[in-house]
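Tertiary structure, described
One-letter residues, chain by chain:
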Amino acid sequence: VIMKLRLVSINGDQPSWGTVVIRSLSSLFSFIALGLGFLWVGWNAERQSWHDMVAGTVIIKTPHAEPAFA
């Protein structure tokens, strides 16, 4: 909220709880692989980390602070 970032699915909708759980578990793999999954954002044209690609999500910047859950 402070950084005006929001997690959305590829089609722009709010991700389901299942998607969020998959993304969270996949982030462990991004971390275990020497953190390369997190750094992948710098090389990916869509600016997605490995766990975002697995879960079908993306982080977007919003023009104003939005609540995490609507």
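As shown above, the structure is provided for reference.
What comes next is a walk through the structure.

Reading the values: rules and limits
- Residues numbered from 1 in each chain as written.
- Predicted model: local features only at pLDDT ≥ 70, side-chain atom pairs only at ≥ 80, totals over all residues.
- Heavy atoms only, no water.
- Helix = DSSP H or I, 4+ residues; strand = E, 2+ residues; numbered from the N terminus.
- Expected span 1.5 Å × (residues − 1).
- Buried < 20%, exposed > 50% of the residue type's maximum accessible area, 1.4 Å probe, protein only.
- Arc of directions from axis to C-beta.
- Contact = heavy atoms within 4.5 Å.
- Polar contact = N/O pair within 3.5 Å; in protein donor to acceptor, adjacent residues only side chain to side chain.

Taking 1.5 Å per residue, 16 residues should reach 22 Å; helix α1 (residues 17–32) reaches 23 Å between its end C-alpha atoms and fits that length. Among all positions in α1, only Thr19, Ser26, Ser27 and Ser30 are buried. Within α1, the buried residues cover an arc of 125° as seen down the axis, which keeps them to one side. Set apart from the buried face of α1 by more than 90 degrees, the exposed residues are Trp17, Leu25, Phe31 and Ile32. On its buried face, α1 is in contact with α2 (36–39), α3 (50–55) and β2 (57–61). Immediately downstream of α1, the backbone of Leu34 shows phi near 60°, a positive value.

This brings us to the side chain of Asp52. Its location among the elements puts Asp52 in helix α3. At a separation of 2.5 Å, a polar atom in the side chain of Asp52 contacts the side chain of Arg23. In this view, Asp52 contacts Leu7, Arg23, Thr57, Val58 and Ile59; residues no more than four positions away in its chain are not counted.

Keep in mind these values describe shape, not function.
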